[in-house]
Structure formats: C-alpha cells, structure tokens
Amino acid sequence: MKVLKDILYKVAIESVKGSTDVAISKIEFDSRKVEANDVFVAIRGSLSDGHNYIGKAIQLGAKAIICDTLPENTENEITYIQVKDTNAALAFMSANYFEDPSAKLKLVGVTGTNGKTTIASLLFQLFQKAGFKVGLLSTVKIVVDQTEYPATHTTPDSLTINHYLNEMVEAGVTHCFMEVSSHGIHQKRTEALHFVGGIFTNLSHDHLDYHPTFAEYRDVKKSFFDSLPKSAFVLTNIDDKNGSVMLQNTVAKKLTYALKSYADYRAQILESQLSGLLLKINDNEVWVKLIGTFNAYNVLAIYGTAVELGIDSLEALRLLSDLESVSGRFQYIVSDGGITAVVDYAHTPDALENVLKTITDIRTKNEQLITVVGCGGNRDKTKRPIMAKIASDLSDKAVLTSDNPRNEDPEVILDEMEQGVEPQNYKKLLRITDRKQAIKTACQLAQPKDIILIAGKGHETYQEINGVRHHFDDMETIKEILEQLKK
Ligand SMILES: CC(=O)N[C@H]1[C@@H](OP(=O)(O)OP(=O)(O)OC[C@H]2O[C@@H](n3ccc(=O)[nH]c3=O)[C@H](O)[C@@H]2O)O[C@H](CO)[C@@H](O)[C@@H]1O[C@H](C)C(=O)N[C@@H](C)C(=O)N[C@H](CCC(=O)O)C(=O)O
Ligand SMILES: Nc1ncnc2c1ncn2[C@@H]1O[C@H](COP(=O)(O)OP(=O)(O)OP(=O)(O)O)[C@@H](O)[C@H]1O
Ligand SMILES: N[C@H](CCC[C@H](N)C(=O)O)C(=O)O
Ligand SMILES: [Mg+2]
C-alpha cells in the first residue's frame, strides 16, 4: 500500500476534491483492470476516453480518480484529483509508485525512424559481454538481466516501463537501454524518466497517420532531447539532415557521429560483404558481423555510447567485433541449393531502400534479386505506394503481399501499394495476398545463387488478420518451403 499524496509528487495538480491521505493499492489506467483501493487514471485515447469509465472504475473499487475534467456527479467517499494532463500524471505517479527506479540505474534512450531496436539490443549485448547486469526495453522483447518478457510496444506505457525498471533495480541491473518511439514521447510514456543519454538515429517517412505533418513528427522526436538534463549526453547522427535539429535546444552534452561529416565519432567503411563490415573507427580498424552501410551508423552510435558510459575505447572495439545480429534484422540463410534468403524488418520506405541497396552492392551481377513485401494495415497509408515503387525499382522481381492487415481489407492495401509501381516495372510484379503463397512463389522463381528478400515483419511470430493474431514467422516459413522444394 502507498499513500496517494506520496505518489502525486511532481504531478501538475489543478484541483483536489477529497483527501489525499488515502491508502492506495495500485495504479490503473484501464477500468477493466481496477480492483479494490486502486487509483484510476483517465486517459483520452484515440478510440475512446478513459473519462467515460470513471463510474466503472469506482464500481470496481477505485478509491481515487485522476482526471483532467471532473465528472458532473462526484461521490463523497472518492478522492478526485484534477490535473492538467493525465498522461503526464500517469508517468510521474508510476515513477513515484516504484520509487523512481530510472534514477537508480543508467538509462539510455534511442529514438529515430530506423535503427532503434538494433542499437538498443546491441548495446544490451555489448554491456552484458563487458560483465554488467543489463536491462532492455525494445520492440522485440523486454529483458531484465537474464529474464525475458514479451514486448507489446516499442515503448510501453509509463506504468509498464516503471514496473520493469523497478524489477531491473531489484535484480541489480546497472544499465538499461530502451527504445523511445514518437508515439511514446507524444503520449508522455517517457516523461518522468531520468536518462543519462539519448541517441538519435535518423528521421524519414513513417507514422504520418498519427503525426499530422513531418514537422510535427520531427519536433516530437526533438522534444525528447530538449527534456534531457545537463548531466546527460546527446549522441546524434550528424549526416542525417535532421541530426543537428535534435541538438538545437538541448542543455545536455552534445556529441555527434558520422560517416560523411566531421564528428566526435566517425567511421570509414573499408569493406562491405554479406559476412560483415570492415570499419575504421576513429583510426582503429574493426571487423563487425553486421551488414550494410546503415549498420555502420548503428555501430558508431553503439561505440560512442559505450565510450561515453565509461568503457575503454579499445575494449569497446573488441566487444563490437563480438556482437551477433539482432533477430529479424538482416537475418539470412543459404539453402542447400545455393539460394540466399534474407529476412529483414524494413517496414519504412527508407529502410527498404537501404536494405535493397545493400544487397545490390554486395551481390555479383548475375543473380536475381526477388523481393517479397507488404505494408501494415491501420498504419500510415502514404508509405504504401512508395514502398511498392522502391521494391519494384530495385529488384528483378517484386511479389507484393500482405504484412499485418490488422482491421483493413488486404486487397485495398495491395491496391494502394500497386499505385506506386511505374508502368515499365509491371512485368516484374506479382501480387499474391497470402504471405505464405507469396514466399513460396518467390522460392519457385529463384535459381541457385539468387537472393530472396522478405521484408517488413522481421522477428514477428504472428500475422494479424481481422484483428486476430495467427502464428507466422518469415524465417520459419522460408526454411520450410526451401526444404520442401529441395531448392
Ligand atoms: C494509437 C496508440 O498509440 N494507441 C495506444 C493507446 O490506445 P488508445 O489511445 O487507442 O486507447 P483507447 O482504446 O482509445 O482507450 C483510452 C483509454 O481508455 C481506457 N479504457 C478503455 C476501455 C475501457 O473499457 N476502459 C478503459 O479504461 C484505456 O485503457 C485507455 O487508457 O493507449 C493504449 C494503452 O497505453 C495503447 O495500448 C495503444 O497502443 C496501440 C495498441 C498501438 O497499436 N500503438 C502503436 C501505434 C504504438 O504505440 N506504436 C509505437 C511505435 C511504433 C514504432 O516504433 O514505429 C510503440 O511505441 O509501440
Ligand atoms: N541506422 C539505420 N538506418 C536506416 N535503416 C536502418 C537502420 N538500422 C536498421 N535499419 C533498417 O530498418 C529496419 C528496422 O530496424 P530496427 O528494428 O532497428 O528499427 P526500429 O527503429 O527499432 O523500428 P521500429 O520503429 O519498428 O521500432 C531494419 O530491419 C533495417 O532494414
Ligand atoms: N512499430 C511499427 C512496426 C510495423 C511493423 C509492420 N510489420 C507492420 O505491422 O506494419 C508499427 O507499429 O507501426
Ligand atoms: Mg524497434
């Protein structure tokens, strides 16, 4: 049990009705989970409004309500706290409830359109290899030292974040690396956290369904760096045209990384192959098992962060060369018949273009490149034609298929994708709605030495159709089909 007034520390309160000296069992922001003596926080969402469920929460035993507008009829035995912003209130209350766990370890946030999971996961790996107890909050999974939990979001809600950070502190974790998504920043999921560092990867087209303009998307990312304290560092990709924007108003220590510009942490690509990259980082050569120019950026961000957090620079280079690729990020197999199949989480135009260019650079000219790709439903529609154009421009054959249609009609998504294909590329195009069939067709078309790219779903082990998740795993599927076809 906690006392309500203690967990309200730092919450911007506008009015109070009732006593704040009440014992509280736990915090909930979903009325369906409320139990006796809880405090219910009403959040305005995109589908519904938590303020409509205040009565329900009280019925289930809530003793206190946090809202931005008081209900018309209030009850005498309930405490109502009116606040400016219930998302921010939830973030501070969650941190207070768990006794500010983020202040008890070194927390680093990674934001940007692409590369967050890669950088956060590899920093986790590197610090573990360096002998630390480490935590990870990522799209793929949540890890508390050796214990893994499934992830539902890239950046979970603030209650979940603080719950896991507290578990990390209790397990003796000293460093935690987390992805900070634009939705997360906008919904104030990270508002009350103490970061010792923030990393900016890059900014390109995504989530323009949620953010009304690209400028808003950029400014939301920037606000994360604006909120960092003087004691923290910002490590930004200065080759990205928005890299310097992230530094404009921050009081944190400003650091840069780049391949093309002058920067604190710089690298040169000496060799780029399917087995990895040979890099020259600040005058030292290092071989890493990560593929493609975009991963050279990720490696630099990881190296810079490790050094800023006190790892000796030569030791950091040694640890970099030991890193294993992240699940679903440029994961590849070569079949018995010599076909290379790459599974990659490229679900934005920029990521798809990067992966296709990487494959084009490292292949010899004779093989065909066959791409299987779809676009998610209930997500930014404007990226659909662009991704289909990129796939058909940069591949010898492109099979358009379903990603996670969620609650949309997959045929409509495919129609929208097809709009982007240039007429001269129609002959390269196939459209097969069923993802397994699409992968099978790509395998049937492939000859020995050809390369098949299956893009968009990476590590995901499900496909969401009509709101229902069915088991689906791109890597498992391609392995099974290549084996069946004996290719
Ligand atoms: C658009 C969006 O971000 N939605 C998130 C949001 O849901 P919502 O605003 O739609 O919630 P709602 O259903 O309208 O309900 C509003 C409030 O009423 C409450 N409620 C609702 C019903 C009820 O009976 N009782 C009740 O109390 C809900 O608990 C909620 O607090 O708040 C929910 C609780 O935190 C999230 O689970 C949900 O994420 C949905 C599932 C989602 O898909 N989010 C994606 C877009 C997302 O956040 N993605 C980013 C990153 C993407 C990237 O990395 O590229 C992420 O960080 O994962
Ligand atoms: N630094 C980078 N620049 C551009 N593209 C990248 C970069 N790193 C990875 N990618 C591409 O983007 C895909 C997604 O990478 P990753 O999962 O690391 O990004 P993310 O930012 O975590 O994405 P999400 O928004 O889904 O959480 C990869 O599979 C790869 O194709
Ligand atoms: N974090 C991203 C992941 C997209 C992955 C793709 N497979 C899809 O389902 O659209 C999102 O929620 O928009
Ligand atoms: Mg991610």
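Residues numbered from 1 in each chain as written. Chains lettered and ligands numbered in written order. Predicted model: local features only at pLDDT ≥ 70, side-chain atom pairs only at ≥ 80, totals over all residues. Heavy atoms only, no water.

**Description of the overall build of the chain**
We apply this condition: Helix and strand definitions follow DSSP, with helices as H or I runs of at least four residues and strands as E runs of at least two, each counted in order from the N terminus. The globule rule used for comparison is 2.2 Å times the number of residues to the exponent 0.38, while the radius of gyration itself is calculated over C-alpha atoms. Exposure categories follow from relative accessible area, calculated using a 1.4 Å probe and restricted to protein chains: below 20% of the type maximum is buried, above 50% is exposed, and the middle band is partly exposed. The contact criterion used is simple: two residues touch if any of their non-hydrogen atoms lie within 4.5 Å. Only four residue types enter the charge count: Lys and Arg as positive, Asp and Glu as negative, with His and the chain ends excluded. The atom standing in for a charge is NZ when the residue is Lys, CZ when it is Arg, CG when it is Asp and CD when it is Glu.
A count of helices and strands for the chain gives 14 helices and 26 strands. Relative to a compact globule of 487 residues, whose C-alpha radius of gyration would be 23 Å, the chain shows 24 Å and is just as compact. Dimensions of the chain along its principal axes, counting C-alpha atoms only, are 75 × 50 × 40 Å. Sorting the 487 residues of the chain into buried and exposed places 55% on the buried side. At a minimum sequence separation of 6, the contacts of the chain that also span at least 24 residues come to 65%. Across the chain, 54 positive and 64 negative side-chain charges occur, with their mean positions spaced 2 Å apart.

**What to know about the sheet that holds strand β21 (residues 369-373)**
As a reminder of what qualifies: Strand pairing is assigned whenever DSSP detects at least two bridges linking the two strands. Simply put, an axis is a line fit to the C-alpha atoms, just over the touching stretch for a helix, and the angle between two N-to-C directions goes from 0 to 180 degrees.
Taking strand neighbours across the sheet as the criterion, the six strands line up as β19-β20-β24-β21-β22-β23 in an open arrangement whose pairing is mixed. The two strands at the open ends of the sheet, each matched to only one other strand, are β19 (331-334) and β23 (429-431). Each adjacent strand pair in this sheet contributes to an overall mean axis angle of 15°, direction not counted. Here β21 pairs with strand β24 (residues 451-455) via four bridges, running parallel. Bridge pairing in β24 places valine 372 opposite isoleucine 454. In this fold helix α10 (residues 349-362) packs onto β20 (340-344), β21 and β24, with an angle of close to 165° to the strand it touches most, β24. Packed on one face of the sheet, helix α12 (residues 410-418) meets β21, β22 (397-400) and β23 and runs near 165° to β23.

**A closer look at the pattern of salt bridges**
The following threshold applies: Salt bridges are counted wherever a side-chain nitrogen of Lys or Arg sits within 4 Å of a carboxyl oxygen of Asp or Glu.
In the structure shown here, the tally under the stated rule is 30 salt bridges. For aspartate 49, the salt bridge identified is with arginine 44, shortest N-O distance 2.4 Å. For arginine 44, a relative accessible area of 42% gives the class partly exposed. In this structure, aspartate 219 and arginine 218 form a salt bridge, with 3.2 Å as the shortest nitrogen-oxygen distance. Looking at aspartate 219, the relative accessible area reads 37%, which means it is partly exposed. Each of Lys26, Glu28, Glu35 and Asp38 takes part in salt bridges that share partners, so that together they form one network.

**Observations regarding the UniProt feature "binding site: meso-2,6-diaminopimelate" (unreviewed entry) in the chain**
Condition: UniProt positions are given in the numbering used here, feature names are shortened, and annotations may be inferred rather than shown by experiment.
The sites that carry the UniProt feature "binding site: meso-2,6-diaminopimelate" (unreviewed entry) are, in the present numbering, Arg379, Asp403, Asn404, Pro405, Arg406, Gly456 and Glu460. On the secondary structure map, arginine 379 appears in the loop between β21 and α11 (383-394). When sequence neighbours within four positions are dropped, the list of residues in contact with arginine 379 reads Asp209, Arg384, Arg406 and Glu408. By the secondary structure assignment, glutamate 460 is in the loop between β24 and β25 (462-465). Overall, glutamate 460 belongs to the buried group, its relative accessible area being 7%. Excluding residues within four positions of it along the chain, glutamate 460 makes contact with Tyr345, Asn404, Phe472 and Asp473.

**Regarding the domain arrangement of the chain**
To be explicit about the condition: An automatic or database domain assignment provides the domain bounds reported here.
When cut into domains, the chain gives domain 1 (2-97), domain 2 (101-320) and domain 3 (331-486). The straight-line distance from the C-alpha centre of domain 1 to that of domain 3 is 46 Å.

**A short note on the site of ligand 3**
Rules: Nearness is judged by heavy atoms alone; a residue qualifies as near a molecule or strand once a single heavy atom is within 4 Å of it. The definition of a polar contact used here is a pair of N or O atoms within 3.5 Å, where within protein one atom must be able to donate a hydrogen and the other to accept one, and adjacent residues in sequence count solely through side-chain atom pairs. For every accessible area listed, the method is Shrake-Rupley and the probe measures 1.4 Å; residues are considered covered only by the protein chains on display. Classification convention: Asp, Glu, Lys, Arg as charged; Ala, Val, Leu, Ile, Met, Phe, Trp, Tyr, Cys, Pro as nonpolar; all other residues, Gly among them, as polar.
Residues in contact with ligand 3, as listed here, are His207, Tyr345, His347, Gly376, Arg379, Asp403, Asn404, Arg406, Gly456, Lys457 and Glu460. Take arginine 379: an N or O atom from its side chain is 2.9 Å from an oxygen atom of ligand 3. A distance of 3.3 Å separates a nitrogen atom of ligand 3 from a polar atom in the side chain of glutamate 460. Alone, ligand 3 offers 350 Å² of accessible surface; in the complex the protein occludes 88% of this. The residue makeup of the shell around ligand 3, split by class, is one nonpolar, five polar and five charged.

**Things to note about the packing of aromatic side chains**
What counts here: By convention, a stacked pair of Phe, Tyr or Trp rings (six-membered ring in the case of Trp) has centres within 6.5 Å and planes under 30 degrees apart, an edge-to-face pair has planes over 60 apart, and any other such pair is tilted. Any Lys NZ or Arg CZ found within 6 Å of a ring centre and within 35 degrees of that ring's normal is scored as a charge over the ring.
Tallied over the full model, the rule gives nine aromatic pairs. Where tyrosine 149 meets tyrosine 164, the ring centres are 5.0 Å apart and the plane angle is 50°; that geometry is what we call tilted. Highlighted residues: tyrosine 149 in strand β11 (residues 147-150) and tyrosine 164 in helix α5 (residues 158-170), separated in sequence by 15 residues. Against the face of tyrosine 462 rests lysine 457, its NZ or CZ located 5.1 Å from the ring centre. Seen from the ring of tyrosine 462, arginine 469 lies directly overhead, with NZ or CZ sitting 3.8 Å from the centre.

**Observations concerning the pairing of β22**
Side-chain direction in a regular strand flips from residue to residue, so the side chains alternate between the two faces of the sheet. To be explicit about the condition: For the handedness criterion, the strands are oriented away from the viewer, and a crossover whose path from the first strand over the helix to the second runs clockwise is classed as right-handed.
Pairing analysis gives four bridges linking β21 to β22, with the strands arranged parallel. Looking across to β22, one finds that threonine 371 is bridged to alanine 398. Where the polypeptide runs from β21 across α11 and back to β22, its parallel neighbour, the crossover connection is right-handed. Bridge count between β22 and β23: three bridges; the pairing is parallel. Across the sheet, residue alanine 398 finds its bridge partner in β23, namely leucine 429. The parallel pair β22 and β23, bridged by α12, forms a crossover whose chirality is right-handed.

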